Amino acid sequence: MLAVAVLAAGKGTRMRSAHPKVLQPLAGATLVDWVLRSCEPLDPHRRLLVVGHQAERVQQQVQRRHQHMEFVLQQPQRGTGHGVQQLLQPLGDFTGTLLVLNGDVPLLRSATLRQLVEHHHRSGSAVTILTARLEEPQGYGRVFCDDRQRVRAVVEDRDCTEEQRRNRLINAGVYCFHWPALAAVLPHLKADNQQGELYLTDAVGLLEPATQLTVADGTEIGGVNDRGQLAACEQVVQQRLRQQWLAAGVSFLDPASCSLSAGTRFGRDVVVEPQTHFRGSNSIGDGCRIGPGALIEDSQLEADVEVTFSVVRQARLARGCAVGPFAHLRPGAVLGEHCKVGNFVEVKNSRLGADVKAGHLSYLGDARLGRGVNVGAGTITANFDGTGKHPTTIGEGSSIGANAVLVAPVTLGRDVTVAAGSTITKDVADDALAVARCRQVEKEAWHKPAAPYRSATTPNRDPADPFSQGQDR
Ligand code: UD1
Ligand code: CA
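The shown structure was predicted, so the numbers you read here are calculated from the model rather than taken from an experiment.

**Digging into the packing of aromatic side chains**
- For the structure on display, the rule yields five aromatic pairs.
- Taking 5.3 Å as the distance between ring centres and 70 degrees as the angle between the ring planes, the aromatic pair formed by Trp245 and Phe266 counts as edge-to-face. Here Phe266 lies in strand β13 (residues 264–266) and Trp245 lies in helix α9 (residues 227–247), a separation of 21 residues in the sequence.
- Look at Phe266 and Phe278: their rings are 5.1 Å apart centre to centre, the planes differ by 85 degrees, and that puts the pair in the edge-to-face class.

Put into structure tokens, the structure is as follows:
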């Protein structure tokens, strides 16, 4: 029987942040999300999270994404050993294996964790720790073994002698314990170290036999203590995600210029052009072409959608839509099949039926447009009256002339035509033409003959003065 405990109570002083370290973002998820996710394929019997610094916040965030978590409070935080001591009560007479992970090691592969657990069970050890041999071991605890490869001690970087510091075998912060054995030594940890904390690593030294498993790929165990390490982890995750999707049939024209999130899913034959970024959870259908220069966040795109130089957030686009260049789809934008939303068009909380065209310079907010509506350049739904937001409805087949203002709440029927430049404040019936602007007035012979001293061709303008408007009349 397997229980997993993740240590997430620390403050993360070296991040210099107002936020708890384990909630720092990495490719659209948090550090602790990545750690919890890496354990999921092991199908643990129990999942415990030790929280302390900003415990409520951490708990709330984690609960949103992970089910069946047990939260254990560590207050105050007196070190990783003290964190695990808090499990004595909730785990009680549990007799199985406890996998302990630091909440700041987000790059672990599930396969590696599985190997560790199997190695631990095969060896029958009291503890098996995950280690790595690093070129630059600074900051990590060093692992010392005897000639039979049994772990004798783990010494923290800050507690090492110069000699000990040269050891490149480091503790990854991932441990498999036989819980009853660990429970027996936990009360005996001492804080006689440079930080005056209770170290979980000291428990390893107290257990017998203690074995270790060295990972082949040292990048996997990268811990995040500062912003530099966070940035390095982001690079690794981005690289992994791009490789995963390249292998699954997505083309990237310039992979290094794009970023992905763990929650983004792609269909086949998607082309991602340079400078394109995906955040949160997205599903991108077969044959979509995204970018160059696009940001897609928490959105669903069906097949064959094109998005060029545009921002799409919390939106849903049916198949064959074309968006951009320079369009902004905001939360609640829902586009039917084959819609076109073009340059400088903003759509918010609006439902567009199939084949709607809004090609240029428009704002559509809190609106519902039927199939085939044509939105002329410069059309605005004036949805805000200074206190509240109001809806605009436009029936199918309607055509809105350029530069129209539709003052909400307002409803236009089917096949309505709105004259260009109209300000529509009243509902319009099916099939009607609505004209809401001054009739054009024409004054004959308004242009007076030239004054005698002016040139005949530009009678009223001073050719030397570009701002000259001509003579007032
Ligand atoms: C720890 C290990 C070190 C190892 C490294 C791997 C110890 C003493 N040292 O060092 O050997 O090489 O991880 O990355 O364990 N935490 C708590 N409660 C606390 C203190 C910390 O829950 O009281 C949590 C933190 O939130 C963090 C994790 O434990 O997720 C590790 O703590 P951190 O202070 O980062 O340990 P390191 O100094 O990196
Ligand atoms: Ca750490």
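Moving on from the model shown.
**Notes on the site of ligand 1**
- Around ligand 1, 24 residues are found, and the nearest of them are Gln74, Gly79, Thr80, Glu156 and Asn171.
- Interatomic distance of 3.2 Å between a side-chain N/O atom of Lys21 and an oxygen atom of ligand 1.
- Within the side chain of Asn102, an N or O atom sits 2.9 Å from an oxygen atom of ligand 1.
- For ligand 1, whose free accessible area comes to 760 Å², the fraction covered by protein is 92%.
- Counting residues per element, the shell around ligand 1 draws most heavily on strand β10 (residues 169–178), at four residues.

**Observations regarding α9**
- A rise of 1.5 Å per residue sets the reference length of α9, with its 21 residues, at 30 Å; its end C-alpha atoms lie 30 Å apart and thus fit the reference within 8%.
- Here α9 has its buried residues at Leu230, Cys233, Val237, Gln238, Leu241, Arg242 and Trp245.
- You can read the cap of α9 off the contacts: a side-chain oxygen lies 3.1 Å from the backbone nitrogen of Gly228, and it is on Asp226.

Criteria and thresholds
- Residues numbered from 1 in each chain as written.
- Chains lettered and ligands numbered in written order.
- Predicted model: local features only at pLDDT ≥ 70, side-chain atom pairs only at ≥ 80, totals over all residues.
- Heavy atoms only, no water.
- Phe/Tyr/Trp six-rings, centres within 6.5 Å; stacked < 30°, edge-to-face > 60°.
- Helix = DSSP H or I, 4+ residues; strand = E, 2+ residues; numbered from the N terminus.
- Near = heavy atom within 4 Å.
- Polar contact = N/O pair within 3.5 Å; in protein donor to acceptor, adjacent residues only side chain to side chain.
- Areas by Shrake-Rupley, 256 points an atom, 1.4 Å probe, with all protein chains shown as cover.
- Expected span 1.5 Å × (residues − 1).
- Buried < 20%, exposed > 50% of the residue type's maximum accessible area, 1.4 Å probe, protein only.

Note that all results are geometric; they support no functional claim without further evidence.
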